[in-house]
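Remarks on the overall topology
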Amino acid sequence: MTSNCAAITPSAPLTAHGERTPAGPGAAADHMTAAEFDEAFTAAMPRLRNRLLALTGNPYDADDLLQETYLRLSRRARAQVLARQEHPYAYTCAAALNLLRDSWLRPSRREHCTDRMPEPSWDGGFAAREAAVVTVALLRGLSPKEAAAVILVDIEGLTHDMAGERLGTHRGTVQRNRMRGLAKIRSALSAYETAPEPVSTTKNDERATRARTEGETTCAA
C-alpha cells in the first residue's frame, strides 16, 4: 500500500506505551491542548476523509476509521502528551494508516459477508400470546365440526384424507366443514378490521341529526 502521507519523526522520547514525554521544563509548551487539537483535526478532516475513502473503498469504513483516529489522538491531546505538529494533516494521516494496517493484520476485526439473516429480536412472547388468543377467539365462533376441520388442516397441516380418518368422516365432509369455518373466520376478521364510524355525543351534533331526520320525514310526506 502506498501513501502520500509524510513520515513523522518524533521530536521527544517515547514512553513504553508510545506516548511522548516532556524533554525539559519548557516541554509543556510543546504539546497541544485539547482545543488546539480539535481545531487542527477539524481543518484536516475533509482532506483526510477523502484519503481514507480512496484507501478503504467505501464511505462507511472511511468514517469509522476517521472517528477511531480522532479518538486515539484526542486522548493523547487531553493527556497533554501530543506534541505540536508542523504538518497536522500528515500526522493524522499517518496515525489513520497505522490503524488501517492494524485492522488488516487482525482478521478478527474484519467484516465478513454472510447469507444468514440476523435473528429477530424477542418481544417477550407477546406476539405469540396475542396470536394464540385471537385464534382461540375465532375458533369459538365456529361449530365443533368446523373448528375441528380448521384445526386439523390449517393449524396441524393434515390433509383432508388424514383429517377425515382422524374424525371418522369422509374427506368431502371435512372439506365442506373447513370451507364454512374459514368463511366465518374471514367474515369475523373483516368486521373486526372495519373501524366503526365515530359517534358524536355533543348536543350540537344531536340537534343537527334530529333536524336532518325531521327534514327527510317532511320531504317523504
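Summarised in this report is the structure supplied together with it. (Residues numbered from 1 in each chain as written. Predicted model: local features only at pLDDT ≥ 70, side-chain atom pairs only at ≥ 80, totals over all residues. Heavy atoms only, no water.)

**Concerning unusual backbone geometry**
- Although it is not a glycine, Gln 80 sits at a positive phi angle of roughly 60°.
- Topologically, Gln 80 is positioned in the loop between α2 (59-78) and α3 (88-105). (Helix = DSSP H or I, 4+ residues; strand = E, 2+ residues; numbered from the N terminus.)

**What to know about helix α5 (residues 144-155)**
- Counted at 1.5 Å a residue, the expected span for α5 with its twelve residues is 16 Å, and the 15 Å between its end C-alpha atoms agrees.
- Buried within α5 we find Glu 146, Ala 147, Ala 149, Val 150, Leu 152 and Val 153.
- Once α5 ends, the next one or two residues include Gly 157, with phi positive near 80°. (Expected span 1.5 Å × (residues − 1). Buried < 20%, exposed > 50% of the residue type's maximum accessible area, 1.4 Å probe, protein only.)

**Side note on α2**
- Given a rise of 1.5 Å per residue, 20 residues ought to cover 28 Å, and the 28 Å separating the end C-alpha atoms of α2 matches this to within 8%.
- Residues of α2 that are buried make contact with α1 (34-56) and α3.
- For α2, the side-chain oxygen to backbone nitrogen distance between the N-cap and Tyr 60 is 3.1 Å, and the N-cap itself is Asn 58.
- Two residues or fewer after α2 comes Gln 80, characterised by a positive phi angle close to 60°. (Contact = heavy atoms within 4.5 Å. Polar contact = N/O pair within 3.5 Å; in protein donor to acceptor, adjacent residues only side chain to side chain.)

**Side note on the packing of aromatic side chains**
- One pass over the structure, following the stated rule, counts three aromatic pairs.
- Aromatic side chains Phe 37 and Tyr 70 sit 5.6 Å apart centroid to centroid with 25° between the ring planes, which places their arrangement in the stacked category. Of this pair, Phe 37 sits in helix α1 while Tyr 70 sits in helix α2, placing them 33 residues apart in sequence.
- The exposure class assigned to Tyr 70 is partly exposed, which follows from its relative accessible area of 25%.
- The rings of Phe 37, Phe 41 and Tyr 70 are connected pair by pair, giving a single aromatic cluster. (Phe/Tyr/Trp six-rings, centres within 6.5 Å; stacked < 30°, edge-to-face > 60°.)

**Observations regarding the pattern of salt bridges**
- Counted according to the given criterion, the structure contains eight salt bridges.
- Notably, a salt bridge pairs Arg 84 with Glu 36, separated by 2.8 Å at the nearest N-O pair. You can see Arg 84 sitting in the loop between α2 and α3 and its partner Glu 36 sitting in helix α1, a full 48 residues away along the chain.
- A relative accessible area of 41% means that Arg 84 is categorised as partly exposed.
- For Arg 180, the salt bridge identified is with Glu 146, shortest N-O distance 3.7 Å. Pair noted here: Arg 180 is in helix α7 (residues 171-193) and Glu 146 is in helix α5, with a separation of 34 residues, a long-range link.
- Taken together, the salt bridges that share partners define one network made up of Glu 146, Arg 180 and Lys 184. (Salt bridge = Lys/Arg side-chain N within 4 Å of Asp/Glu carboxyl O.)

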